[in-house]
Amino acid sequence: MDIKTVGVVGCGLMGSGIAQVCAEGGYKVIVREVNEDLLKKGLGKIESFLTKGVEKGKVTPERKAEVLGRLEGTTSLEKFAACDIVIVVVVESVQVKHDLYQALDRICPAHTIFASNTSSLSITEMAAVTKRADRFVGMHFFNPVPLMKLTEVVRSPLTSPEAFEKAFAFAKSLGKTPIRATDRSGFIVNRLLVPYLLDAIRALEEGVGSIAHIDEGMRLGCGYPMGPFTLLDFVGLDTTYYIANIMFDEFREKRFASPPLLKRMVQAGLHGKKSGKGFYDYSQDPPQPMAGLV
């Protein structure tokens, strides 16, 4: 069956972005949160994003109304009985996702494709708890979803070629550039990015250079849009630490092991931009490198 109705479980930062691009792509979208307050907050993010687009002349008022009209918010999983694909965008907890997929498996019709927006958890492990492992894929979107073009589409050894190609074409229909990945922890992007970020922290620990100079070196010397410490603060140090630990458990290689400094900063609540402090102090304008980290 063709994909006409999309379900998105989770309306936080990533979930609201995915729901938005699906609605912009012409799909009817049902997005679910655990309570009305979180749902209202998530849908409010979408409306705010589109409103800014109208103010900048990038979106017409008619287009904004059209996109919002395709969105339906709910707190009930039962609504996903009408969906052709369901994308789960919740906390990176294996147990939480297992419980969700088992519940969805009972609710959704046989043709519904299940997708996980995970950046690090095993697609095979999640698929195995359902009765539709052949219709289970990874779809790893990147933040901010409405602006970032890339989507990693991930197949497990159990994914059927038909389901994978349908998910791949679906990602393309959203205006994304999909790339094919197999079910290895970190997939393509994080498999290469995480060791680079961890190495930057080790370089700081070892006195190779300062936060600002390492950032400047990689930005100007390699043409990266931002240096590793700016990127770490943007992604979230807690998020990077979590992903690194999952990848280290998978591969048992030193390049995936979290440096002591990263662990200490996460324990201290220095999570980056979202907490106000990380490798930079965002209470200042412009943000200044944090003193006394090493």
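Rules behind the numbers
- Residues numbered from 1 in each chain as written.
- Predicted model: local features only at pLDDT ≥ 70, side-chain atom pairs only at ≥ 80, totals over all residues.
- Heavy atoms only, no water.
- Axes fitted to C-alpha atoms, helices over the stretch in contact; angles between N-to-C directions.
- Helix = DSSP H or I, 4+ residues; strand = E, 2+ residues; numbered from the N terminus.
- Parallel < 35°, antiparallel > 145°, perpendicular 65-115°, else oblique.
- Contact = heavy atoms within 4.5 Å.
- Nonpolar A, V, L, I, M, F, W, Y, C, P; charged D, E, K, R; others polar.
- Core = buried A, V, L, I, M, F, W, Y, C linked by side-chain atoms within 4.5 Å.
- Buried < 20%, exposed > 50% of the residue type's maximum accessible area, 1.4 Å probe, protein only.
- Pairing = 2+ DSSP bridges.
- Right-handed = clockwise from strand over helix to strand, strands pointing away.
- Expected span 1.5 Å × (residues − 1).
- Salt bridge = Lys/Arg side-chain N within 4 Å of Asp/Glu carboxyl O.

S.K.: Can you help me understand the packing of helix H9 (residues 228–235) against helix H10 (residues 237–251) in this one?
M.R.: The relative placement of two packed helices is expressed as an angle between their axes plus a distance between the axes. It is at 6 Å that the axes of H9 and H10 come closest, and there the two elements cross at 90 degrees. Taken together, the axes of H9 and H10 lie roughly perpendicular to each other. Facing H9, whose interface residues are Leu232, Asp233 and Val235, H10 presents Leu237, Thr239 and Thr240. Considering only residue class, the contact of H9 with H10 consists of three nonpolar, two polar and one charged.

S.K.: It is not clear to me how the nonpolar core should be interpreted in this structure. Could you clarify?
M.R.: Nonpolar side chains tend to gather and get buried jointly when the protein is soluble and globular. Judged by nonpolar contacts, the single largest core of 35 residues is most densely connected at Val6, Met139 and Phe170. For this core, the secondary-structure elements that each account for two or more residues are strand S1 (5–9), helix H1 (13–24), strand S2 (28–32), helix H2 (36–55), strand S4 (85–88), strand S5 (113–116), strand S6 (136–141) and helix H6 (161–173). Beyond its immediate sequence surroundings of up to four residues, phenylalanine 170 is in contact with Ile3, Val6, Cys22, Tyr27, Ile85, Ile87 and Met139.

S.K.: Would you explain the pairing of strand S8 (residues 177–182) in this entry?
M.R.: Within a regular beta strand, the side chains point alternately toward one face of the sheet and then the other, so they alternate between its two faces. Here strand S7 (residues 150–155) runs beside S8; their pairing, made up of six bridges, is parallel. Each residue of the ladder has a partner; that of glutamate 152, found in S8, is isoleucine 179. The handedness of the S7 to S8 crossover, carried by H6, is right-handed.

S.K.: Quick question: what am I supposed to make of the sheet that holds S1 here?
M.R.: Backbone hydrogen bonds hold the strands of a sheet together, and the pairing may be parallel or antiparallel. Strand order in the open sheet formed by eight strands is S3-S2-S1-S4-S5-S6-S7-S8, and the pairing between neighbours is mixed. The sheet is open, and its two borders are formed by strand S3 (71–74) and S8, each paired with just one other strand. Across the sheet, the mean angle separating the axes of adjacent strands is 25 degrees when strand polarity is ignored. As defined by bridge partners, S4 adjoins S5 across four bridges and the pair is classed as parallel. Considered in S5, the bridge of valine 88 is made with serine 116.

S.K.: Help me understand helix H7 (residues 189–205), please; the structure alone is not making it clear to me.
M.R.: Every α-helical turn comprises 3.6 residues, leaving residues that sit three or four positions apart pointing alike. Spanning 17 residues, H7 covers 25 Å between terminal C-alpha atoms, matching the ideal 24 Å at 1.5 Å per step. Buried within H7 we find Asn190, Val194, Pro195, Leu197, Leu198, Ala200, Ile201, Arg202, Ala203 and Leu204. At the exit of H7 stands glycine 207, carrying a positive phi of roughly 80 degrees.

S.K.: Help me understand unusual backbone geometry, please; the structure alone is not making it clear to me.
M.R.: With the exception of glycine, most residues fall at negative phi, and the peptide bonds are largely trans. Here the residue pair asparagine 143 and proline 144 is connected by a cis peptide bond, since its omega of 0 degrees sits within 30 degrees of zero. Its place among the elements puts proline 144 in the loop between S6 and S7. Note that the residue after aspartate 285, namely proline 286, is joined by a cis bond; omega there is 0 degrees. Its location among the elements puts proline 286 in the loop between strand S9 (280–281) and strand S10 (288–289). At arginine 252, a residue that is not glycine, the phi angle is positive and equals roughly 55 degrees. In this structure, arginine 252 sits in the loop between H10 and helix H11 (260–267). Classification of arginine 252 by relative accessible area gives exposed; the value is 58%.

S.K.: Just checking my understanding: could you explain the pattern of salt bridges for this structure?
M.R.: Pairing between side chains of opposite charge can happen when their charged atoms approach one another. Applying the stated criterion across every chain yields a total of 13 salt bridges. Of the charged contacts, one joins glutamate 66 and arginine 63 as a salt bridge, the two residues approaching to 3.3 Å between their closest N and O atoms. Highlighted residues: glutamate 66 and arginine 63, both in helix H3 (residues 61–69), separated by three residues, approximately one helical turn. Residue arginine 63 is classed as partly exposed on the basis of its relative accessible area, which comes to 30%.

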